[in-house]
Amino acid sequence: LDDGVNLCTFPEGTRSRSGRLMPFKNGAFKMAHKAGKPVIPISICGAAKVMPSYWLFPMKPSYNVCKVVVHEPIESEGKTEQELADAVRDAIIEGLPEEQRPLLTTDQ
């Protein structure tokens with residue numbers, strides 16, 4: 001990260017069986033916080049319709065099915081790891097359609 005390398009992670013660690021956002025693992029936030037680097041939250045809408053958890057490869061084209069929302073970067077400096085994770089999660093939830101949002105947004 002310090003050498004200008006960008007890192008893409010999926011903080012849930014796996015694909016959701018229900019299509020709803022799951023709790024996050026903390027590895028990506030530990031790395032960003034330790035390096036003092038920002039996190040760019042990305043909401044992926046409709047991915048479960050194209051690539052369900054039980055399928056290895058996309059089962060149909062994603063054109064007009066999926067949407068990617070790129071949010072503003074969230075700085076890690078001045079935040080704890082948990083505050084960073086919470087801010088990123090809130091941004092991602094904001095970009096998701098209702099059917100992909102977690103049933104309880106406080107369940108992290």
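Just so we're clear, the structure is a prediction, and the values are computed from it rather than from any experiment. (Residues numbered from 1 in each chain as written. Predicted model: local features only at pLDDT ≥ 70, side-chain atom pairs only at ≥ 80, totals over all residues. Heavy atoms only, no water.)

So, on to the environment of V65. Within the element layout of this structure, V65 appears in the loop between α2 (47-50) and β2 (67-70). The sequence separation of V65 and L103 amounts to 38 residues, and the corresponding C-alpha distance is 22 Å. (Helix = DSSP H or I, 4+ residues; strand = E, 2+ residues; numbered from the N terminus.)

As enumerated under the stated definition, the model contains one salt bridge in all. In this structure, E81 engages K30 in a salt bridge whose closest nitrogen and oxygen atoms are separated by 3.5 Å. Of this pair, E81 sits in helix α3 (residues 81-94) while K30 sits in helix α1 (residues 27-35); the two residues are 51 residues apart in sequence, bridging distant segments of the chain. (Salt bridge = Lys/Arg side-chain N within 4 Å of Asp/Glu carboxyl O.)

The next point concerns the side chain of S43. Its place among the elements puts S43 in strand β1 (residues 42-45). Relative accessible area serves as the criterion here: at 0%, S43 is assigned to the buried category. One polar contact links S43 to H71, side chain to side chain, over a distance of 2.7 Å. In terms of polar contacts, S43 uses its side chain to reach the backbone carbonyl oxygen of I92, at 2.8 Å. (Buried < 20%, exposed > 50% of the residue type's maximum accessible area, 1.4 Å probe, protein only. Polar contact = N/O pair within 3.5 Å; in protein donor to acceptor, adjacent residues only side chain to side chain.)

Three or more residues of α1 are buried, namely A28, F29 and A32. All buried residues of α1 project into a common sector of 95° when viewed along the axis, lining one side. Where α1 is buried, its residues contact α3. Following α1 by one or two positions, G36 has its phi on the positive side, about 70°. (Arc of directions from axis to C-beta. Contact = heavy atoms within 4.5 Å.)

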